Amino acid sequence: MRLLSRYILKELRFPFAVSLFLFTFLMIMNKILTLIDLVLKHGVGLWVVGKLIACILPTTLAVTLPMSLLVAVLVALGRLSADMELVAIRAGAVGLIRLFVPLVGVGLAFSAGMLAFNETALPRANLGYKALFHDIISKRSSVAIQENTYVSDFEGMILHVSSKDQDSDILRDLTVIKLAKKKGKDKGDDAEPMQWIQARWGRLVSDKASYRVYLELHEGTAQFLGSADSSELTTLSFQGSTVDLDIEGSLGQVQGKDRMPQEMTVREIWSALDALPLDDHRRFNLGVEMHKKIAIPFACLSFILIAFPLGLSVRKGGRMLGFSMALGLIFAYYLLISLGQTYGDDGRMPAWMAMWLANLVLAGIGLPLSYFVLNEKRLWPRNAS
C-alpha cells in the first residue's frame, strides 16, 4: 500500500506543477502588464515591482492551487486508466480503495493548508500590496509635480505649480483644472462639471491610514463651469480644501479608508459582523467573504471526490481528456461561485449557501460516482469510452 501511495503521489507532481505555473501566470498577466507600465512610464525599480508581484501571488495561489490539484488528479488517473495500469493493479488483488484513500488524504491536507494560508499569509499579502502601491504612487506624485510645468499625469486633471520650496515641501501659486466627468457612455450630461481651482499655497500629503495621496490647498478659489450652459460660472472662496491625486487611475485600485474583507482574517470579519446592526446591508458582503475564505480551500477535497471516479473511467485520450474534463469542472465550479457571490451580496441567498453551494454540488455528484467505481461498477457503457 505504501508503494502504491507513493506511486500515485509521484504521478501527481508533474501535472500539478505545470498546471500551477500556467494558471498562475495567466491570472497575474493583467497585473504584470500594469506593473510593466510602472517601470516604463514612471521609472519604478524592478526590485519594487518584484515585491509587488510577491504580494500578488498569494491571492492568485488561493485560486489556482485547487484548480491545479484537480488537473493533476484527472491527468494522473486518466493516464493510469488509458495505459492499462489500473488493470495491472487490480490483477494484483489490490482494490481501488488503495488509490482513493491517499488522494482523499491529499485533498484534506491541501484544504487544511489553504485554510491556514488564507488566515495568515493572504491578508498580510493583500495589505502589503496596498501599502507598497500607495508608497509608489506617493513618490511618483512628488516627482511628477514640477515648477512652471503643466502636469497631466494625474487622473482627470491638469496641475500647474509656480514654485516648490524643497525645504518645507510648500507648493506656491497652484492651479488645478479638474476635467468634467460624464455619467455614462450614452449620456451627454456631466456628472461632475469642469472645475478651475487656484490656491496661494499648498502641499502634497500622503495619508497611509486611508491610502490617499492628495493636495492640501489653502487660500484659494474654485470655479465651476455649468454643465448645461458654458456661460454659467460659479465661484467659491475657501481657506482650506483638498484634491485627491491619482496617477492614471493606478491608486484607485487600492484606495479605501476601511480594510476590505480580503485583507481581514475570518476572526476579524466575524468581529466586524458582530459590530454591525442586523439590518445593515454590509453584513451580506462580509458574510459571503467570510464563508468564501473557508469554502474555497475545501474545493481541494470536492475536486478530489469528483476527479477520482471521472479519472478512472477514462479509457482513451489519457492526459488530454483528463485536462479537458478538468477545465469543464473548473468552469462549472467558479460559475457556481460567481452566481453564489452575486446572490449572496444581494441578500437573496444565505451567505453560507452562496459560497458552499459549489462544493456541495461537486461532492454530491462525486461521492456516489466514487462509490460505483470503488465497487467495480462502470459509470457508462463500455462502447461510450
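Note that the coordinates shown come from a computational prediction; the quantities given were computed from them, not determined experimentally.

Q: When you look at the pattern of salt bridges in this model, what are you seeing that I'm missing?
A: If charged atoms from side chains of opposite charge come close, those side chains can pair. Inspection of the entire model under this criterion finds 5 salt bridges. The closest approach of N and O atoms between arginine 200 and glutamate 219, which form a salt bridge, is 3.1 Å. One end of the pair, arginine 200, is in strand E6 (residues 195-207); the other, glutamate 219, is in strand E7 (residues 212-225), and 19 residues separate them in sequence. By relative accessible area, which is 32% here, glutamate 219 ends up partly exposed.

Q: Looking at this model, I keep getting lost on the packing of aromatic side chains. Mind explaining?
A: This model, assessed by the stated rule, comprises 7 aromatic pairs. Judged by centre distance (5.5 Å) and plane angle (75°), the ring pair of phenylalanine 16 and phenylalanine 110 falls under edge-to-face. On the criterion of sequence distance, the pair formed by phenylalanine 16 in helix H1 (residues 2-42) and phenylalanine 110 in helix H4 (residues 97-119) is long-range, its members being 94 residues apart. A residue is classified by how much of its surface remains accessible, and phenylalanine 16, at 17% relative accessible area, is buried. A relative accessible area of 25% places phenylalanine 110 in the partly exposed class. Each ring, one from phenylalanine 298 and one from tryptophan 356, has its centre 5.8 Å from the other, and the planes form 40°; the classification is tilted. Residue phenylalanine 298 is located in the loop between helix H7 (282-295) and helix H8 (299-312), and its partner tryptophan 356 is located in helix H10 (residues 351-374); the two are separated by 58 residues in the primary sequence. Residue classification places phenylalanine 298 among the partly exposed positions, given a relative accessible area of 26%. Taken together, Phe303, Tyr333 and Tyr334 form an aromatic cluster joined through their ring pairs.

Q: Just checking my understanding: could you explain the environment of aspartate 207 for this structure?
A: Looking at where aspartate 207 falls in the secondary structure, it is placed in strand E6. Excluding its chain neighbours within four sequence positions, the residues that come into contact with aspartate 207 are His134, Arg212 and Tyr214.

Q: Could you clarify how one ought to interpret the environment of glutamine 146 in this entry?
A: In this fold, glutamine 146 is placed in the loop between helix H5 (121-144) and strand E1 (150-151). A relative accessible area of 39% means that glutamine 146 is categorised as partly exposed.

Q: Explanation requested: unusual backbone geometry in the structure shown.
A: With glycine set apart, most residues show a phi of negative sign, and most peptide bonds adopt trans. In the Ramachandran plot, aspartate 173 falls in the positive-phi region, its phi being about 50° despite a non-glycine side chain. Following the sequence through the fold, aspartate 173 ends up in strand E3 (residues 170-178).

Q: Could you clarify how one ought to interpret the nonpolar core in this entry?
A: Among soluble globular proteins, nonpolar side chains are generally buried collectively. If you look at the biggest cluster of nonpolar residues, it comprises 50 residues, and the most contacted ones within it are Leu70, Val73, Leu77, Leu99, Leu103, Phe308 and Leu312. Of all the elements in the fold, those that place two or more residues in this core are H1, helix H2 (46-82), helix H3 (85-91), H4, H8, helix H9 (318-345) and H10. With residues near it in sequence (within four places) discarded, leucine 70 still touches Phe303, Ala307, Ala326, Leu329 and Ile330.

Q: Is there a simple way to explain the environment of phenylalanine 25 in this structure?
A: Counting through the fold element by element, phenylalanine 25 comes out in helix H1. Classification of phenylalanine 25 by relative accessible area gives partly exposed; the value is 38%. Taking C-alpha positions, phenylalanine 25 is 9.6 Å from leucine 57, a pair spaced 32 residues apart along the chain.

Q: Just checking my understanding: could you explain the side chain of histidine 160 for this structure?
A: With respect to the secondary-structure elements, histidine 160 resides in strand E2 (residues 157-165). Residue classification places histidine 160 among the buried positions, given a relative accessible area of 14%. If we skip the residues at most four places from it in the chain, histidine 160 touches Asn148, Thr149, Tyr150, Asp173, Leu174 and Thr175.

Rules used in this analysis
Residues numbered from 1 in each chain as written. Predicted model: local features only at pLDDT ≥ 70, side-chain atom pairs only at ≥ 80, totals over all residues. Heavy atoms only, no water. Salt bridge = Lys/Arg side-chain N within 4 Å of Asp/Glu carboxyl O. Helix = DSSP H or I, 4+ residues; strand = E, 2+ residues; numbered from the N terminus. Buried < 20%, exposed > 50% of the residue type's maximum accessible area, 1.4 Å probe, protein only. Phe/Tyr/Trp six-rings, centres within 6.5 Å; stacked < 30°, edge-to-face > 60°. Contact = heavy atoms within 4.5 Å. Core = buried A, V, L, I, M, F, W, Y, C linked by side-chain atoms within 4.5 Å.

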